[in-house]
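Fold and geometry: a report
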Amino acid sequence: MMIEVRKTPWHLWLVGILGLLWNLMAVTDYTFAKMKSDWYMREMGGFTPEQIAWFGDFPLWANIGWALGVWGSFLGTILLLMRSRHAVTAFLVSAAGLLLMTIYQLVLKKDEFMGLFGPGPMYFTLVIWVILIALFVYARRQVAAGVLR
């Protein structure tokens, strides 16, 4: 029995590396926020003390959503670069986490969120959704093409 091994297409490296760089920004933000790094949040993020407190007040389920969203997508890009079909699952886990955070920020706490941050983060959440869906669709297509095993 012979198994056909497909050569890694150039676009997988491009998508994987760009996805990894994108997700490293999220991992950095998440890590520094969880470390309660006031310096990072103030100097790099430009957040006010009230905005920094907002991040510390997430309920457990929203924190779990944030973690799943960030780490799921990061793992998905790593698995994509490793040519693993499990990248698809990691991106789905990330989408579940992002859904929890979107519900918390833009449905349950929308007025408070918009009052503290304005509309910018709402648009940024949309960008995150678009990129995550694109990574998921790309990974699915690469599984179908036999590139991811």
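Heads up: the structure comes first, above all this text.
Structural notes, computed from the coordinates. Note that the structure is predicted; figures quoted are calculated from it, not measured. (Residues numbered from 1 in each chain as written. Predicted model: local features only at pLDDT ≥ 70, side-chain atom pairs only at ≥ 80, totals over all residues. Heavy atoms only, no water.)

Structural notes on the overall build of the protein
- Along its length, the protein carries 7 helices and 0 strands.
- Scanning the protein from its N terminus toward the C terminus, one meets helices and strands in the order α-α-α-α-α-α-α.
- In the protein, which comprises 149 residues, the proportion classed as buried is 39%.
- Pairs at least 24 apart in sequence give 76% of the contacts found in the protein among residues at least 6 apart.
- Element-wise, carbon and sulfur atoms account for 70% of the exposed surface of the protein, whose accessible area totals about 9,000 Å².
- A distance of 19 Å separates the average location of the 12 positive side-chain charges in the protein from that of its 8 negative side-chain charges. (Helix = DSSP H or I, 4+ residues; strand = E, 2+ residues; numbered from the N terminus. Buried < 20%, exposed > 50% of the residue type's maximum accessible area, 1.4 Å probe, protein only. Contact = heavy atoms within 4.5 Å. Areas by Shrake-Rupley, 256 points an atom, 1.4 Å probe, with all protein chains shown as cover. Lys, Arg positive; Asp, Glu negative; His and termini not counted. Charge placed at Lys NZ, Arg CZ, Asp CG, Glu CD.)

Brief notes about the packing of helix H3 (residues 49-56) against helix H6 (residues 110-117)
- For the pair H3 and H6, interaxial distance at closest approach is 10 Å and the crossing angle is 145 degrees. Every pair of crossing elements has a handedness; the one defined by H3 and H6 is left-handed. Counting all contacts with H3, which are made through Glu50, Gln51, Trp54 and Phe55, the residues of H6 involved are Glu112, Phe113, Leu116 and Phe117.
- Classifying every residue of the contact of H3 with H6 gives 5 nonpolar, 1 polar and 2 charged. (Axes fitted to C-alpha atoms, helices over the stretch in contact; angles between N-to-C directions. Left-handed = near helix turned anticlockwise from the far one by under 90°. Nonpolar A, V, L, I, M, F, W, Y, C, P; charged D, E, K, R; others polar.)

Points about a nonpolar patch on the surface
- On the surface, Trp10, Trp13, Leu14, Ile17, Leu18, Leu21 and Leu24 cluster together into a nonpolar patch covering about 750 Å² of accessible area.
- Mapped onto the elements, Leu14 comes out in helix H1 (residues 10-34). (Patch = residues over 30% accessible without salt bridge, like charges linked within 9 Å, V, L, I, M, F, W, Y side chains within 5 Å. Salt bridge = Lys/Arg side-chain N within 4 Å of Asp/Glu carboxyl O.)

Digging into the layout of surface pockets
- For the largest pocket, the calculated volume is near 840 Å³.
- Lining the largest pocket are 33 residues, with Ala26, Asp29, Trp66, Phe124 and Ile128 positioned closest to its centre.
- Among the secondary structure elements, those contributing two or more residues to the lining of the largest pocket are H1, helix H2 (38-44), helix H4 (60-81), helix H5 (87-108), H6 and helix H7 (120-144). (1 Å grid on protein atoms, 1.4 Å probe; cavity = no way out; pocket = protein on both sides within 12 Å on 5 of 7 lines; lining within 4 Å. Points joined across faces, edges and corners; volume = space filled by probe spheres on them.)

Re H3
- Residues Gln51, Ile52, Trp54 and Phe55 constitute the buried set of H3. An end-on view of H3 places all buried positions within 150 degrees of arc, on one side of the element. Across from the buried face of H3, at angles greater than 90 degrees, the exposed residues are Pro49, Glu50 and Gly56.
- Residues of H3 that are buried sit in contact with H2, H4, H5 and H6. (Arc of directions from axis to C-beta.)

Points about unusual backbone geometry
- In this model, Arg83 sits at a positive phi of 60 degrees, which is unusual for a non-glycine residue.
- Turning to its location among the elements, Arg83 is positioned in the loop between H4 and H5.
- On the basis of relative accessible area, Arg83 is assigned to the buried category, the value being 10%.

Considerations on the environment of Met35
- Residue placement: Met35 occurs in the loop between H1 and H2.
- Its relative accessible area of 56% is what places Met35 among the exposed residues.
- C-alpha separation for the pair Met35 and Val147, spaced 112 residues apart in sequence, amounts to 38 Å.

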